[in-house]
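An overview of the molecular structure
If you want the building blocks of each chain, they are given just below.
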Amino acid sequence: PPPGAARAAQGSLEAWLCRLLRMPQSPLPLPDELIVHIFCFLEPAVLFHPSLALPSLIVDKCTTVRGHFTTISAALRAVQPGDRVLIRPGLYRESLRIDVPVMLLGCSSSGGGGGVTITSSRNHTVHSTAQFARLENVTLRQTGSSGRSCLLASRGTLEISDCDISSASGLCVEVTDSATPIVRHSRI
């Protein structure tokens, strides 16, 4: 990445740690590797707690007037470590790769209809390689016959909460390598 991007990412980790410790925003003389090591000892529920006032990006599949992005993938490409991605209700036909510490939060529909559904027929619906991340209040569907998993965790700690996960042909949740997912209050 360009030098400015590395500096911006470092600043976001420092800012995230300051919010977590409830310290004033000031530069910390800690390298990114040490901050990430500290974060690895905490569950994603603590790192992404609602009281932390994390920066948020909004995804609305219908319009960028109510959101910053129309696809979740575009938001994941723009996200900084520690950001929260709020996803407005709708059907999102895409495969997601989570490789940055982030929280994906599905918003409930106010009219009593469906919430957020993410579906893929060709690839894993969600593939997580982030050191820690959180996925909450979404429906995940793998609808293809390719034998792909709906949710693949291959590294880090992905916390899944209040989700509905299903696959037409492959595994619903697949855990490989060094991944240590935490699943709570979800239907698989």
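Everything that follows concerns the structure shown earlier in this document.
Overview of the structure. Predicted model only: the values in this text are computed from it and were never measured.

Basis of the calculations
Residues numbered from 1 in each chain as written. Predicted model: local features only at pLDDT ≥ 70, side-chain atom pairs only at ≥ 80, totals over all residues. Heavy atoms only, no water. Pairing = 2+ DSSP bridges. Helix = DSSP H or I, 4+ residues; strand = E, 2+ residues; numbered from the N terminus. Axes fitted to C-alpha atoms, helices over the stretch in contact; angles between N-to-C directions. Buried < 20%, exposed > 50% of the residue type's maximum accessible area, 1.4 Å probe, protein only. Core = buried A, V, L, I, M, F, W, Y, C linked by side-chain atoms within 4.5 Å. Contact = heavy atoms within 4.5 Å. Salt bridge = Lys/Arg side-chain N within 4 Å of Asp/Glu carboxyl O. Polar contact = N/O pair within 3.5 Å; in protein donor to acceptor, adjacent residues only side chain to side chain.

Notes on the sheet that holds strand E2 (residues 83-87)
If you walk across this open sheet you meet the six strands as E1-E2-E5-E8-E11-E14, and the pairing is parallel. The open sheet has two edge strands with one neighbour each: strand E1 (56-59) and strand E14 (182-184). This sheet shows a mean twist of 15 degrees between the axes of neighbouring strands, independent of strand direction.

Digging into the pairing of strand E6 (residues 116-120)
Judged by how many residues are buried, E6 sits mostly within the fold: four of five residues are covered. One ladder, built from four bridges, connects strand E3 (residues 90-93) with E6; its direction is parallel. Across the sheet, residue tyrosine 92 finds its bridge partner in E6, namely isoleucine 118. The sheet contact formed by E6 and strand E9 (residues 139-142) spans four bridges and is parallel. Bridged to threonine 117 within E9 is threonine 139.

A short note on the nonpolar core
Among the nonpolar cores identified, the biggest contains 30 residues, and Ile72, Leu104 and Leu140 are the most heavily contacted of them. Those elements that place two or more of their residues in this core are E1, helix H4 (72-78), E2, strand E4 (96-98), strand E5 (102-106), E6, strand E8 (132-136) and strand E11 (157-161). It is H4 that contributes the most residues to this core, four residues altogether. Excluding residues that lie within four positions of it along the chain, leucine 140 makes contacts with Ile118, Thr125, Val126, Leu135, Cys150, Leu151, Asp164, Ile165 and Ser166. Formed by 14 residues, the second largest nonpolar core is a distinct cluster that contains Ile35, Val36, Leu54 and Leu105.

A few points about the environment of cysteine 40
With respect to the helices and strands, cysteine 40 occurs in the loop between helix H2 (32-39) and helix H3 (44-47). With a relative accessible area of 44%, cysteine 40 lands in the partly exposed category. On a C-alpha basis, the gap between cysteine 40 and glycine 156 in space is 8.5 Å, while along the polypeptide they are 116 residues apart.

A few points about the pattern of salt bridges
Applying the stated rule across the entire model yields seven salt bridges. The shortest N-O distance in the salt bridge between arginine 88 and aspartate 60 comes to 3.6 Å. Of this pair, arginine 88 sits in the loop between E2 and E3 while aspartate 60 sits in the loop between E1 and H4, and the two are 28 residues apart along the sequence.

So, the side chain of glutamate 136
Following the sequence through the fold, glutamate 136 ends up in strand E8. A residue is classified by how much of its surface remains accessible, and glutamate 136, at 17% relative accessible area, is buried. One polar contact links glutamate 136 to arginine 134, side chain to side chain, over a distance of 2.9 Å. Setting aside chain neighbours within four positions, we find glutamate 136 in contact with Met103, Leu104, Leu105, Gly106, Ser161, Asp162 and Cys163.

What to know about the sheet that holds E9
Overall, parallel pairing links the four strands, which are arranged E3-E6-E9-E12 in an open sheet. The outermost strands of the open sheet, each flanked by one partner alone, are E3 and strand E12 (164-167). On average, each strand axis in the sheet is inclined to that of its neighbour by 15 degrees, with strand direction left out of account.

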